[in-house]
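So the chains spell out like this:
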Amino acid sequence: MSNSLTVTLTGTTDLPPGKIAAVVTSLEMFARPPERPDPEGMEAFSLDPIDGGDVERYLAIYRLLGERWMWFSRLVKPRDELQAILSDPAVDLYAVHFEGRDVGLLELDFRVAGEGEIAFFGLDEPVVGKGAGRWLMNRALALAWAKPISRLWVHTCTLDHPAALAFYQRSGFAVFMRGIEIDDDPRVKGQMPADSVPHHPVIR
């Protein structure tokens, strides 16, 4: 199969079977926004640094959060490449801990000088809608802007939680770019369970 595809800018482009597509929206900010108070009842949540060598813990959280939203980039990456990213001193990894278990992930990437990226930001479904998202974003912004950066950015896509884009905008990010991402469906290749992401059916 060819690795190229002509995309029409004025209509629908049909994808070959086994492919997926998403509209990716990128957002940025150039200064830390005004601090927002934590929601009430967040005392049981904590942010626990993940050792960059603990790939299994990282992937366990990644799968827990991502199998609903087609997170697969870390799953298809060769293990040595993933290990190199996670152990890079310019990449900060945190687990959100609640009631004795990991329920969220925050990955901050500072490998580009002068800027930071919220590479992954997610929470398990049972804690969504209870204020944990705002609690985690407050910490993400504090940690990121404690670094010597002048720009912080994040991206989301149409396969992600439908409230993600508006949440990032409320948090102080502004949209600066939109693109289309096309890739192999990881469920077809056995890299994610075949029944995951049911709102985006598999086409073989």
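A. Structural detail: the overall build of the protein chain. Regarding its fold elements, the protein chain presents five helices and seven strands. Along the protein chain, from the amino end to the carboxyl end, the secondary structure elements read β-β-α-α-α-β-β-β-α-β-α-β. At 18 Å, the protein chain has a C-alpha radius of gyration in line with the 17 Å of a compact globule built from 204 residues. Its C-alpha atoms give the protein chain principal-axis dimensions of roughly 50 × 35 × 35 Å. Scored against the burial criterion, the 204 residues of the protein chain give a buried share of 43%. Looking at the protein chain alone, contacts between residues at least 24 apart form 69% of all its contacts between residues at least 6 apart. With the model as given, the accessible surface of the protein chain reaches about 10900 Å², and the carbon-plus-sulfur share is 54%. Of note, the protein chain has its 21 positive side-chain charges centred 3 Å away from the centre of its 29 negative side-chain charges.

B. Examining the side chain of E28 more closely. Of note, E28 is situated in strand β1 (residues 19-29). On the basis of relative accessibility, which here comes to 15%, the residue E28 falls in the buried class. Within polar-contact distance, the side chain of E28 engages the side chain of R151 at 2.7 Å. Setting aside its immediate chain neighbours within four residues, E28 contacts R151, L152, W153, G172, F173, A174 and F176.

C. Structural context of the nonpolar core. One finds F45, I118, F121, M137, L152, Y168 and F173 to be the most contacted residues of the largest nonpolar core, which totals 30 residues. Looking at this core, the elements with two or more residues in it are β1, β3 (91-98), β4 (101-109), β5 (115-123), α4 (132-145), β6 (151-157) and α5 (164-170). Among the elements that take part in this core, α4 stands out by supplying eight residues, more than any other. Here I118 is in contact with L106, E107, L108, M137, A140, L152, W153, V154 and F173, once residues within four sequence places are set aside. Among the nonpolar cores identified, the runner-up in size contains 26 residues, and I50, M70, L82 and V91 belong to it.

D. Spatial organisation of a nonpolar patch on the surface. Taken together, the side chains of L5, V7, L9, L15, V23, I180 and I182 define a hydrophobic patch exposed on the protein surface, amounting to about 600 Å² of accessible area. Along the chain, V23 falls in strand β1.

E. Inspection of the layout of surface pockets at higher detail. Estimated volume of the largest pocket: approximately 580 Å³. Secondary-structure elements contributing two or more residues to the lining of the largest pocket are β1, α2 (73-76), β4, β5, β6 and β7 (174-184). It is β5 that contributes the most residues to the lining of the largest pocket, five residues altogether. Tallied by class, the residues present in the lining of the largest pocket amount to 18 nonpolar, three polar and eight charged. The space that makes up the second largest pocket amounts to roughly 470 Å³. Taken together, the elements giving at least two residues each to the lining of the second largest pocket come down to β5, α4 and α5. Broken down by element, the lining of the second largest pocket gets its largest block of residues, four residues, from α5.

Cut-off values and rules
Think of each chain on its own: its residues are numbered from 1, step by step along the sequence as written. Two thresholds apply to this predicted model, a pLDDT of at least 70 for residue-level local features and 80 or more for giving and counting side-chain atom pairs, whereas whole-chain, interface and lining totals are computed over all residues. In computing side-chain values, all of the structure's heavy atoms are included and hydrogens and water are not. Helix numbering and strand numbering both begin at the N terminus, where a helix is a DSSP run of H or I of at least 4 residues and a strand a DSSP run of E of at least 2. Radius of gyration means the value over C-alpha atoms here, while the globule rule gives 2.2 Å times the residue count to the 0.38 power. Here's how the labels work: a residue is buried when its accessible area is under 20% of the maximum for its type, exposed when over 50%, partly exposed in between, all with a 1.4 Å probe on protein chains only. Throughout, a contact is declared for two residues whenever any of their heavy atoms are within 4.5 Å. Values of accessible area rely on a 1.4 Å probe in the Shrake-Rupley scheme; residue burial ignores everything except the protein chains shown. Neither His nor the chain ends contribute to the count of charged residues, in which Lys and Arg are positive and Asp and Glu negative. To locate a charge, take atom NZ for lysine, CZ for arginine, CG for aspartate or CD for glutamate. Polar contacts here mean pairs of N or O atoms no more than 3.5 Å apart (in protein, one a potential hydrogen donor and the other a potential acceptor; neighbouring residues in sequence count only if both atoms are side-chain atoms). We call a set of buried residues a nonpolar core when its members are Ala, Val, Leu, Ile, Met, Phe, Trp, Tyr or Cys and they connect through side-chain atoms within 4.5 Å of each other. Here the term patch refers to residues with relative accessible area over 30% and no salt bridge, with like charges joined within 9 Å and nonpolar side chains (Val, Leu, Ile, Met, Phe, Trp, Tyr) within 5 Å. The salt bridge criterion pairs a side-chain nitrogen of Lys or Arg with a carboxyl oxygen of Asp or Glu, the two atoms within 4 Å. Put simply, the grid is 1 Å and covers the protein atoms alone, a cavity is a trapped set of points that fit a 1.4 Å probe, a pocket is an open set with protein on both sides within 12 Å along at least five of seven lines, and lining residues have an atom within 4 Å of a point. Grid points are joined across faces, edges and corners, and a volume is the space filled by probe spheres set on the points. Only Asp, Glu, Lys and Arg are considered charged in this grouping, and only Ala, Val, Leu, Ile, Met, Phe, Trp, Tyr, Cys and Pro are considered nonpolar; every other residue, Gly among them, is considered polar.

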